[in-house]
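Observations on the three-dimensional arrangement
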Amino acid sequence: MVDYHAANQSYQYGPSSGGNGAGGGGSMGDYMAQEDDWDRDLLLDPAWEKQQRKTFTAWCNSHLRKAGTQIENIDEDFRDGLKLMLLLEVISGERLPKPERGKMRVHKINNVNKALDFIASKGVKLVSIGAEEIVDGNAKMTLGMIWTIILRFAIQDISVEETSAKEGLLLWCQRKTAPYKNVNVQNFHISWKDGLAFNALIHRHRPELIEYDKLRKDDPVTNLNNAFEVAEKYLDIPKMLDAEDIVGTLRPDEKAIMTYVSCFYHAFSGAQKAETAANRICKVLAVNQENEHLMEDYERLASDLLEWIRRTIPWLEDRVPQKTIQEMQQKLEDFRDYRRVHKPPKVQEKCQLEINFNTLQTKLRLSNRPAFMPSEGKMVSDINNGWQHLEQAEKGYEEWLLNEIRRLERLDHLAEKFRQKASIHEAWTDGKEAMLKQRDYETATLSDIKALIRKHEAFESDLAAHQDRVEQIAAIAQELNELDYYDSHNVNTRCQKICDQWDALGSLTHSRREALEKTEKQLETIDQLHLEYAKRAAPFNNWMESAMEDLQDMFIVHTIEEIEGLISAHDQFKSTLPDADREREAILAIHKEAQRIAESNHIKLSGSNPYTTVTPQIINSKWEKVQQLVPKRDHALLEEQSKQQSNEHLRRQFASQANIVGPWIQTKMEEIGRISIEMNGTLEDQLNHLKRYERSIVDYKPNLDLLEQQHQLIQEALIFDNKHTNYTMEHIRVGWEQLLTTIARTINEVENQILTRDAKGISQEQMQEFRASFNHFDKDHGGALGPEEFKACLISLGYDVENDRQKQTGSMDSDDFRALLISTGYSLGDAEFNRIMSVVDPNHSGLVTFQAFIDFMSRETTDTDTADQVIASFKVLAGDKNFITAEELRRELPPDQAEYCIARMAPYQGPDAVPGALDYKSFSTALYGESDL
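Within each chain, residues carry numbers counting from 1 in the order of the written sequence. It should be noted that, the model being predicted, local features are given only for residues of pLDDT at least 70 and side-chain atom pairs only at 80 or more, the latter also being counted only at that level, while totals for whole chains, interfaces and linings use all residues. Derived side-chain values reflect all non-hydrogen atoms in the structure, with water molecules and hydrogen atoms excluded from consideration.

Topic: the side chain of Thr-725
The condition is simple: Only DSSP runs of H or I with at least four residues qualify as helices, and only runs of E with at least two residues qualify as strands; both kinds are numbered from the N terminus onward. Only protein chains enter the accessibility calculation, which uses a 1.4 Å probe; a residue whose area is less than 20% of its type maximum is buried, one above 50% is exposed, and one in between is partly exposed. What qualifies as a polar contact is a pair of N or O atoms within 3.5 Å, subject to a donor-acceptor requirement within protein and to the restriction that residues adjacent in sequence count only when both atoms come from side chains. Two residues qualify as a contact provided that any one of their heavy atoms is within 4.5 Å of a heavy atom in the partner residue.
In this fold, Thr-725 is placed in the loop between helix H23 (701-716) and helix H24 (729-760). With relative accessibility at 9%, the residue Thr-725 sits in the buried group. Reaching out from Thr-725, the side chain makes a polar contact with the backbone nitrogen of Tyr-727 at a distance of 3.1 Å. Each residue touching Thr-725, except ones within four places of it in the same chain, is listed here: Phe-654, Ala-655, Ala-658 and Asn-659.

Here we look at the UniProt feature "coiled-coil region" (unreviewed entry) in the chain
Basically, it comes down to this: UniProt positions are given in the numbering used here, feature names are shortened, and annotations may be inferred rather than shown by experiment.
Those places that UniProt annotates as "coiled-coil region" (unreviewed entry) correspond, in this numbering, to residues 449-483. For the annotated span residues 449-483, helix accounts for 94% and strand for 0% of the residues, and the straight-line distance between the end C-alpha atoms is 50 Å.

Observations concerning the nonpolar core
What counts, and what does not: What we call a nonpolar core is a set of buried Ala, Val, Leu, Ile, Met, Phe, Trp, Tyr and Cys residues that are connected through their side-chain atoms within 4.5 Å.
In this structure, Trp-59, Ile-149, Trp-192, Phe-198 and Phe-264 are the most contacted members of the largest nonpolar core, which totals 76 residues. Ignoring sequence-local partners within four residues, the contact set of Trp-192 consists of Cys-173, Val-185, Asn-187, Ala-197, Phe-198, Leu-201, Leu-224, Ile-257 and Val-261. One finds Ala-658, Ile-675, Ile-743 and Leu-797 within the second-largest nonpolar core, a separate group that totals 47 residues.

Considerations on the sheet that holds strand S5 (residues 884-885)
Cut-off, in case you're wondering: When DSSP locates at least two bridges between a pair of strands, those strands are taken to pair.
Ordered in space as S5-S7-S6, the three strands form an open sheet in which the pairing is antiparallel. A strand with exactly one partner marks an edge of an open sheet, and here the two such strands are S5 and strand S6 (906-907). By the bridge criterion, two bridges tie S5 to strand S7 (residues 917-919) in an arrangement that is antiparallel. Bridge pairing links Thr-885 to Ala-917 in S7.

Regarding the confidence of the model for the chain
Note the following rule: The pLDDT score gives, residue by residue, the confidence of the prediction method on a 0 to 100 scale.
Of the residues in the chain, 85% reach a pLDDT of 70 or more, and the chain-wide mean stands at 79. Every residue in residues 1-44 is under pLDDT 50, and counting partners more than four places away or in other chains gives 100 contacts. In this model, residues 803-827 is a region of pLDDT below 50 whose contacts with residues beyond four sequence positions or in other chains number 31 contacts.

Some remarks on the packing of helix H13 (residues 380-429) against helix H16 (residues 467-482)
This is how it is decided: Angles run from 0 to 180 degrees between N-to-C directions of axes, and those axes are lines fitted to C-alpha atoms, restricted for helices to the stretch in contact. An angle below 35 degrees is read as roughly parallel, one above 145 as roughly antiparallel, one from 65 to 115 as roughly perpendicular, and any other as oblique. In a left-handed crossing the near helix is turned counterclockwise from the far helix by less than a right angle, and in a right-handed crossing that turn is clockwise.
Relative orientation of the contacting elements H13 and H16 amounts to 150°, with a least axis distance of 10 Å. What the angle tells us is that H13 and H16 run roughly antiparallel. Of the two possible hands of crossing, H13 and H16 adopt the one that is left-handed. On the side of H13, the interface is formed by Arg-410, Leu-411, Leu-414, Ala-415, Lys-417, Phe-418, Lys-421, Ala-422, Ile-424 and His-425, while H16 contributes Arg-469, Val-470, Gln-472, Ile-473, Ile-476, Ala-477, Glu-479 and Leu-480.

What to know about helix H22 (residues 683-699)
The following threshold applies: For a helix, the expected span equals 1.5 Å multiplied by the residue count minus one. Think of the arc as the fan of directions from the helix axis to the C-beta atoms.
The end-to-end C-alpha distance of H22, which contains 17 residues, comes to 24 Å, matching closely the 24 Å that a straight helix rising 1.5 Å per residue would cover. Buried within H22 are the following residues: Leu-683, Gln-686, Leu-687, Leu-690, Tyr-693 and Ile-697. The buried residues of H22 occupy an angular sector of 125° when the element is viewed end-on, so they sit on one face.

Okay, structure coming up:
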């Protein structure tokens, strides 16, 4: 139904009317000024009366059919006033007084008067039209009355560029048909006779309905019928004219043509409003769909990253030690692969996720939508917490690996040392128990007994000398137990056997001494030389065994200082060899002296020293062994020294590169901070500068890769410390990741500022003023303002927080204005300032970022789509109803957005609901976060 409701203002139609109508801005009295000439017009051209009858009848029926009725004869069917009152109710949308149902003339006159009174109440002055003429069926008066109704309710509100109704309608027709050949609309009579103007109007608005190029100017009847049929079939405009009447009349009736053309105006102006409303809805829905897509992408990326962190942390927290150093080195290699291969892509994903989240929040703010709240456990803070837990586990895992490798190296060294000392001790104790259990003193001579006593004393000396070795073996076994050596059981078993055997040897030694001392009084002859030999040979022999043990002892060092210490100790040992050689020669001289004395005194010796088993051959053999081991030890120490020198070179090489890369990263971080604060030039210039800066940073990556290669060589060489630099590879990696994240975040902030500027219409000068004020109060250059700094910044820009508007400060600059406020004791309202802080700092962190500051200032100076505007647009599409149907959505909106609305709109529950009615009001409100979709 076309809505012809007009504003309830006073209009007069007749000779005395000279005012301008509110709807069109021009005089409407011209259409009734010649009311006295009505009879003359009809008498001069009866064809006009015929055309008016047909047109006015069709016009009335186009409205009466909405009430389920119609008229056949315009003279007769309005005589009782009933259908006249019904017609006025339909076209005005208002209720008239209750009609009288009587059949008498007075009843009919009263009904017609009610209708005429209603027309007059709309500001129309009826001249020479009375109820009696209408009741009597006066055709002239009836047609005049209908024309007055058409003027008031169909034509009066037409206005184009503040022209009158008729002029506005004519100007509208001229503009719409201007591009068409053979069409020149100058009036509402002969300009329409060939029918091309009607077809041009339809083709201009609905080109798919008319094949205009096939129409011929010399075939007006076909042209007119084509336009009338298309309008009736597709535009719901009833056929009000006959083609033959128009063609057969020299000058078609102007009122009939105007009435019919006004129907086209209202039909097409309604379609234009619907198109505008549909475009607004499409824009709003497109923004909402894009935001939902970004939200889904964030949820997916956040889930994937959190799942990777969840799977990785247990692996990094696994502290189950391995038995061998090879197995632990494999774990270390796996950890290096994780650092080089698996983690870097996740660092990029985390950075991209933060950028996407910030971009989404900016777009939501710019489109006046509520901020995006990710699913529980998927906030950026949750991801940062998980990432922090991952890095803590990673750091602890690396430290544990290196400590375990050191522990296993220490264990292997101790285990080998235990086996060597145990083997030497077991070799020494072999046969000692059998020797101590001998009872040879029962049949020996006195000299033999004395010899046995001396021999036993030498053995006790030897036994005491071996006490340190036994204690060392026990101490090594204890240390292996404390370090959780995997083969501790066998070590403990062997150590226990040695200790038990040592206790047995001590007991047997004590028993034999008592037996020998018991018979000592019977032994008088002692060979002093043999005894002296034995006493000196035993410690010397023990010294040589200790020297051989030390010369064959394994060693492990980690620094050049340690190996130089071993070389120094070895050189000191070699310096004692001449003294040892003199001692050896002195011992051998004692043995030779004993032989000489025995031979010179014809003493028969048994061939061996009765007091010791250490013969000169043994001493010489072991001395030769020591002489052979010394150069071997020299070679081993020199090899280790070369290795440690190589390690020192690796340390210095890594330190040299690290001492360059580390300060470079720190300098770049400081430069980025300075660039983000200064921000010279336009935002586009700043963005291009930052991107070039980012490329220069990425181009520096080969230096980091070189450092990684050097670090790998250090780890492969099992170098665990470096005194030449304070930078570790972990510090460099963290600094590099922070540098990449900082430049990416800074670029994203500038991009968001460009989005804000373009969406809100903020000029470059305003943006620079905002930045200058922000930097002025950002005293610590931290990129954020505290509450008091933010309040001072707002005041410096002329923002009155108490009245929630900006003050006009004339030509006063920000410094002068700030000084004036301070000097006059101006203070900001706490309640209003707290409201502003809740907008710019929703997380209550106590800091206001520049992006939040720009968003707040842009919201205060620009306008955006609102929920009320979207509701009004849906109402236009729904034909002024409180609900809309799926058919109407599919007709007015693109398919994907129509289905988007249908899927999300709730059923309408109002009293005027019909089947399939949808609630567009709650849907529009939900788009702006005021309720849930």
